[in-house]
There are 2 protein chains.
Amino acid sequence: MRVGVIGGGQLARMMIPAAIELGVDLRVLAEQSGMSAEIAAERVGDYTDTATVLEFAKTVDVVTFDHEHVPQDVLRAMVDAGIAVHPGPDALAVAQDKLVMRQRLSELGLPVPDWARVETAEELDAFISEHGGAAVVKTPRGGYDGKGVRVVHSAAEVAEWFATIVEDGRQGALLVEELVDFRRELAQLVARRPSGEIAAWPVVETLQVGGVCSEVIAPAPRSAGRLADVAAEVAITIAEGLGVTGVLAVELFETTDDRILVNELAMRPHNSGHWSMDGSTTGQFEQHLRAVLDLPLGATGSHGDWSVMVNVLGGPAEGALTDRYAEALAGHPTVKVHNYGKAPRPGRKIGHVTATGDDLDSVVYEARAAAAFFQD
Amino acid sequence: MRVGVIGGGQLARMMIPAAIELGVDLRVLAEQSGMSAEIAAERVGDYTDTATVLEFAKTVDVVTFDHEHVPQDVLRAMVDAGIAVHPGPDALAVAQDKLVMRQRLSELGLPVPDWARVETAEELDAFISEHGGAAVVKTPRGGYDGKGVRVVHSAAEVAEWFATIVEDGRQGALLVEELVDFRRELAQLVARRPSGEIAAWPVVETLQVGGVCSEVIAPAPRSAGRLADVAAEVAITIAEGLGVTGVLAVELFETTDDRILVNELAMRPHNSGHWSMDGSTTGQFEQHLRAVLDLPLGATGSHGDWSVMVNVLGGPAEGALTDRYAEALAGHPTVKVHNYGKAPRPGRKIGHVTATGDDLDSVVYEARAAAAFFQD
């Protein structure tokens, strides 16, 4: 069983332990040497180059991804060459373009914020004035961790984005969405096999700081019952409707008037699922491998009543994460530390910690206190 | 943090996921290419050759082991070169020679079976006749998984062993022990840091078939209270008394007259601790790395009330373990499968499965039923 992963970041890295345990031969096509997934890096190459990717793909049984940025023509060349690609090009097309995503979700009848495709400043200003004088503008492609997302009160605030989309020759447009009045953000992860089986983890609550995920509580507090059911149903509808294979993360808004709206999608293991490595019978990286190999999915029950994951962002100003281990581990023996092997840099995700237990307050405290040792 | 592991078997392999998660750079000196720990194999070389081992050791911060067979002169050459070696030569000397082990345990005042060092058939026959006409004879070195251990009623049954020990020039002797009338076998694992901290997992029950571990139940049923305390105390006394660093496994007999006797020692992660990877907050491979790096040890609480590990011995007559995944995983979604990446061969340990939960009967059933898919 050989699985090829395109991209050598921390998501590819975290697939490696699961691969070793299951006996999967995992091979990574890394963007450069010395990346997080270095130990499994089969070769270094450009994932936008069809020949490079095809050559790599022919050495494995299934190709999957560390990110969603492999171009459609490269994806389709693999499929044309008879290679199993999960998730496939059609599904990834939806994750790669937020306008396509909004369109397809609307077609599936799923609850989304009011949105529009805008090609001109006039169209954007019209949307803003129809929605209370403010809106969220997103570049359809290439955004992540809050990049390519801006809250605006006038089209003038994204004038340079309009300039860019005209230049890229794709008859460009921007996505504009209503500014949702939300109580909190949630995420629902599921995994789906090519043959159709789906498994869902409990819906989680995610905390963002500056557009970057900072903390995840699993399950989301006060989610038992209807909320959990709705969230799972939304994610399953998307996974089936778009034919997603592997792990799908659906970011959700819980609005102040008790609606659940779909915010973003990710078709790969996701930051909001890292807690499952330590808190669930089946972690998201193992489940992703099982799914893309079309193996039966694992159980998604939890070890404790609660798991809390806190990201390590930036890291120590000087020195390595490991320099803080003696203090951090001594005070927090139940916390699990995950180190992505990346050099600290302001705002960069370089690791995370997870605490698990039956008392939410203690679990939150343990995870935050341990993570604090790693951040200046 | 660079840890060098001498030996490329499944114990080295199972350190890799823990190393990746903690951000430890793990490098393996493998006996040959294509071994279980291949993905972390830094080089292939002979662990009995001082120059080879020293060259490898100088690339890492700490050296530890997949097995206990590195010769004393090689171990001491590393220490003399200023390399941190855990466990160290003095501790390993006790694990490498069962006569030394019996001697040191007796000196520590620990309960052991009646034993004697015998150099001649006459001495052995005398011991046998003093102990009811039967005894267990062991070669002091090189035995594992029941090899080098024989129940005899007369010295004539191990005549060729006497011949061998004379030849090896070590003024050879055999170890003879009383045939213990035991109710069951137990194992107590602890981890100890160079700076002294010790952490113990719960005592477990082990089932052997033909001298090979077949199944482990954690914790040992009916062990709460005195038995658990005694087992932990014995292992801690050994770890401190012998200065063991890293994981120490103490195999114990629970006799029919309710005594606890020390059977064997292993100074490394051990088959009887594999359950902890899935059933404990801190698995034995993570704990071993933390211990040899002199980092604070992790908590040893359990995820469920019970964990049961069943070894996969031999494997499918034809084909790979992975050929059975579709059936095995479909029926047993809560079970964790560990595949050592070894070719199936009769009697060979090629993997294990672990089930965890709160009802012992169900947990035993799940683990055995899942493992059965992998064995012909």
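In the block above lies the structure referred to throughout.
These numbers were taken from a predicted model, which means no experiment stands behind them.

Caption draft 1: Structural context of the overall build of chain A. Across its full length, chain A carries twelve helices and 18 strands. Out of the 376 residues in chain A, the part that is buried amounts to 59%. For chain A, the exposed surface amounts to about 14,000 Å²; the carbon and sulfur share of it is 49%. On chain A, the mean spot of the 31 positive side-chain charges and the mean spot of the 54 negative ones are 3 Å from each other.

Caption draft 2: Layout of the packing of helix 1 (residues 10–22) of chain A against helix 1 (residues 10–22) of chain B. In the contact formed by helix 1 of chain A and helix 1 of chain B, the axes pass within 9 Å of each other and the chain directions differ by 160 degrees. Judged by the inter-axis angle, helix 1 of chain A sits roughly antiparallel to helix 1 of chain B. Relative to helix 1 of chain B, helix 1 of chain A is oriented so that their crossing is left-handed. Residues R13, I16, P17, I20 and E21 of chain A of helix 1 of chain A form the contact with helix 1 of chain B, whose participating residues are R13, I16, P17, I20 and E21 of chain B. Grouping the constituent residues of the contact of helix 1 of chain A with helix 1 of chain B by class yields six nonpolar, no polar and four charged.

Caption draft 3: How the structure looks around the relation of the copies chain A and chain B. Each copy of the sequence occupies a distinct position, and chain A is placed on chain B by a rotation of 180 degrees and an axial shift of 0.0 Å, giving an RMSD of 0.0 Å. With respect to symmetry, the two chain copies, as superposed, fit the operation of a two-fold axis. Of every C-alpha in chain A, the one belonging to P17 of chain A sits nearest the axis of rotation, 2.1 Å from it. Both copies present the same face, since 100% of the interface residues in chain A are matched by interface residues at the equivalent positions in chain B.

Caption draft 4: Representation of the nonpolar core. In this structure, V353 of chain A together with V353 of chain B are the most contacted members of the largest nonpolar core, which totals 92 residues. With residues up to four places along the chain from it excluded, the contact list for V353 of chain B reads V308, M309, V310, V335, K336, V337, A367, A370, A371 and F374 of chain B.

Caption draft 5: Geometry of the environment of D358 of chain A. All names here are of chain A. With respect to the helices, strands and loops of the structure, D358 is situated in the loop between strand 18 (349–357) and helix 12 (360–372). Given the relative accessible area of 56%, D358 is considered exposed. The spatial distance from the C-alpha of D358 to the C-alpha of H303 is 9.3 Å, given a sequence separation of 55 residues. The contact partners of D358, leaving out residues within four places of it in the chain, are G304, D305, W306 and V363. There is a polar contact of 2.8 Å between the side chain of D358 and the backbone nitrogen of D305.

Caption draft 6: Structural view of the packing of aromatic side chains. A complete count under the given rule lists four aromatic pairs over all chains for this structure. A ring pair is formed by F182 of chain B and F253 of chain B, whose centres lie 4.7 Å apart and whose planes are at 20 degrees; its orientation type is stacked. Of this pair, F182 of chain B sits in strand 10 (residues 182–192) while F253 of chain B sits in strand 14 (residues 246–255), placing them 71 residues apart in sequence. The exposure class assigned to F182 of chain B is partly exposed, which follows from its relative accessible area of 34%. Relative to F374 of chain B, the ring of Y325 of chain B has its centre 5.9 Å away and its plane inclined at 80 degrees; by these criteria the two rings are edge-to-face. Placement of the pair is Y325 of chain B in helix 11 (residues 325–331) and F374 of chain B in the segment after helix 12 (360–372), with a sequence separation of 49 residues. Across this residue pair, the class does not change: Y325 of chain B and F374 of chain B are buried. Of note, R150 of chain A hangs over the ring of W161 of chain A, and the distance from its end group to the ring centre comes to 4.6 Å.

The rules behind each value
- Residues numbered from 1 in each chain as written.
- Chains lettered and ligands numbered in written order.
- Predicted model: local features only at pLDDT ≥ 70, side-chain atom pairs only at ≥ 80, totals over all residues.
- Heavy atoms only, no water.
- Helix = DSSP H or I, 4+ residues; strand = E, 2+ residues; numbered from the N terminus.
- Buried < 20%, exposed > 50% of the residue type's maximum accessible area, 1.4 Å probe, protein only.
- Areas by Shrake-Rupley, 256 points an atom, 1.4 Å probe, with all protein chains shown as cover.
- Lys, Arg positive; Asp, Glu negative; His and termini not counted.
- Charge placed at Lys NZ, Arg CZ, Asp CG, Glu CD.
- Axes fitted to C-alpha atoms, helices over the stretch in contact; angles between N-to-C directions.
- Parallel < 35°, antiparallel > 145°, perpendicular 65-115°, else oblique.
- Left-handed = near helix turned anticlockwise from the far one by under 90°.
- Contact = heavy atoms within 4.5 Å.
- Nonpolar A, V, L, I, M, F, W, Y, C, P; charged D, E, K, R; others polar.
- Least-squares fit on C-alpha atoms with pLDDT ≥ 70 in both.
- Core = buried A, V, L, I, M, F, W, Y, C linked by side-chain atoms within 4.5 Å.
- Polar contact = N/O pair within 3.5 Å; in protein donor to acceptor, adjacent residues only side chain to side chain.
- Phe/Tyr/Trp six-rings, centres within 6.5 Å; stacked < 30°, edge-to-face > 60°.
- Lys NZ or Arg CZ within 6 Å of the ring centre and 35° of its normal.

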